[in-house]
Amino acid sequence: MGLEREIERLKNEMNRVMVGRENDIELLVIGLLQGGHLLLESVPGTGKTLLAKTFARCIKSQFRRIQFTPDVLPSDITGIQYFNPQTKDFQLRPGPVMTNILLADEINRATPRTQSSLLEVMEERQVTIDGETLKMEEPFMVIATQNPVESQQGTFPLPAAQLDRFFMKISIPFPSFQEEKEILKRFRSENPLEAINEVLTVEQINELKTKVKQVIVSEDIENYILYIVQSTRDHPALELGVSSRAALALVKAAQGAAFIRGRNYVIPEDVKSLAPNVLVHRLHLTPESSLTRSTDEIFKEILNSVDAPVESGA
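Only a predicted model underlies this, so the values are computations on that prediction, with no experimental measurement involved.

1. As for the overall build of the protein
- Tallying secondary structure elements over the protein gives 13 helices and 13 strands in all.
- A compact globule built from 314 residues would reach a C-alpha radius of gyration of about 20 Å, and the protein, at 20 Å, matches this within 12%.
- Its C-alpha atoms put the protein at 70 × 45 × 40 Å along the principal axes.
- Expressed as a percentage of the 314 residues in the protein, the buried residues total 50%.
- Taken together, the 35 basic and 43 acidic charged side chains of the protein have centroids lying 5 Å from each other.

In structure tokens, the structure reads:
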């Protein structure tokens, strides 16, 4: 249980900085253990970037941050081949994407062309620069933040292909009165982020990732996930249901949830608790439905309509 205790240490270390974000921290850990990318969404000033930076600070690995703006180019992310006048030859200069944890800050402020530069690296764990392909080192994880499109000028909605590559989406609400009071107390005199300790090494993460894959998913649980996925494709209010990639993501998310909750098998509650984070951002309403309903509302309806299997141990 030694490595499992390290996960608790990581969560405790993050809670020294973050207030009221226990569930979000668990989702970040699940994403890390299952090699998934996460999208954090909320209005400015609610701690998206701080959450990502705190998480990265707890891990002994490479961390890079890209601040997206409309003038950021794809080559600013992936890298370039440049001519070195001293050697009279072209040399490769990898971009900030060559790291373990990449913070793509305010990703929806970049143009669609720049956003698309992350598609290859998020899916295939490699980046191609002027015909030369570089493989990413594990672990590799993109944590992107975005502001709600409908409330911000100068934003570009992420296309369906990009959204489908995000393992989970975390919507961060405003803190409660007591949580905000604790934030004021914790940050008014010093920045607790400066005192964060590294908890997990790359070697430990890779070992934990192997253990998570061993969590058992019964046939009943697989069928339950597939019924949910099929229901998103059949619902009349949805123009686009979720993909097979999404179904696999939900299986992996449920495995991760079971693992950090101390079990070697998945139960229906693991699926139910993670399904909204894994699937909702991949749904697209029909034009008519979008006038009166939200994807959250539709998905809640779908989840309630699918009967969960009777829980049983593995």
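2. Re the pairing of strand β5 (residues 89-94)
- Relative to β5, strand β4 (residues 79-84) runs antiparallel, the two sharing six bridges. If you follow Tyr82 over to β5, its bridge partner there is Gln91.
- The antiparallel pairing of β4 with β5 creates a hairpin that spans four residues between the two strands, and Lys88 there sits at a positive phi of about 55 degrees.

3. What to know about the packing of aromatic side chains
- Counting across every chain of the model gives zero aromatic pairs.
- Note that Arg263 overlies the ring of Tyr265, its terminal NZ or CZ placed 5.9 Å from the centroid.

4. Re the side chain of Asn277
- Among the structural elements, Asn277 can be located in helix α12 (residues 268-279).
- Other than its neighbours up to four places away in sequence, Asn277 contacts Leu27, Phe167, Met168, Lys169 and Ile170.

5. A word on helix α11 (residues 244-260)
- Along its 17 residues, α11 runs 25 Å from first to last C-alpha, staying within 8% of the 24 Å computed at 1.5 Å per residue.
- Summarising burial for α11: 13 of the 17 residues are buried, a large majority.
- Residue Ser243 occupies the N-cap position of α11, its side-chain oxygen lying 3.3 Å from the main-chain nitrogen of Arg245.

6. A word on the sheet that holds strand β1 (residues 38-41)
- A sheet is described by the order of its strands in space; here five strands give the open sequence β3-β6-β9-β1-β10, paired in parallel fashion. The open sheet is flanked by β3 (63-67) and β10 (168-171), the only strands paired with a single partner. Neighbour to neighbour, the strand axes of the sheet diverge by 15 degrees on average, direction disregarded.
- Here β1 runs beside strand β9 (residues 141-146); their pairing, made up of four bridges, is parallel.

7. Overview of the domain arrangement of the protein
- In terms of domains, the protein is made up of domain 1 (2-207) and domain 2 (214-305).
- Counting residues at the interface gives 19 residues for domain 1, matched by 19 residues for domain 2.
- Around 1600 Å² of area is buried between domain 1 and domain 2 when both sides are counted, 58% of it from carbon and sulfur atoms.
- Area buried by domain 1 at its contact with domain 2 is led by Gln34, Asp164 and Phe167, which between them contribute 33% of it.
- Where domain 1 meets domain 2, there are three salt bridges.
- Ionic pairing is found between Arg282 and Asp164, a salt bridge with its closest N-O pair at 2.7 Å.
- Put simply, domain 1 and domain 2 have 11 residue pairs in polar contact (both at pLDDT 80 or more) between them.
- Every element with two or more residues in the side of domain 1 that touches domain 2 is listed here: α1 (2-15), α2 (22-33), α7 (160-163) and β10.
- Looking at the side of domain 1 that touches domain 2 element by element, the count peaks at five residues for α2.

Parameters and conventions
Residues numbered from 1 in each chain as written. Predicted model: local features only at pLDDT ≥ 70, side-chain atom pairs only at ≥ 80, totals over all residues. Heavy atoms only, no water. Helix = DSSP H or I, 4+ residues; strand = E, 2+ residues; numbered from the N terminus. Rg over C-alpha atoms; globule rule 2.2 N^0.38 Å. Buried < 20%, exposed > 50% of the residue type's maximum accessible area, 1.4 Å probe, protein only. Lys, Arg positive; Asp, Glu negative; His and termini not counted. Charge placed at Lys NZ, Arg CZ, Asp CG, Glu CD. Pairing = 2+ DSSP bridges. Phe/Tyr/Trp six-rings, centres within 6.5 Å; stacked < 30°, edge-to-face > 60°. Lys NZ or Arg CZ within 6 Å of the ring centre and 35° of its normal. Contact = heavy atoms within 4.5 Å. Expected span 1.5 Å × (residues − 1). Polar contact = N/O pair within 3.5 Å; in protein donor to acceptor, adjacent residues only side chain to side chain. Axes fitted to C-alpha atoms, helices over the stretch in contact; angles between N-to-C directions. Domains from an automatic or database assignment. Buried area = accessible area lost by both parts, 1.4 Å probe. Salt bridge = Lys/Arg side-chain N within 4 Å of Asp/Glu carboxyl O.

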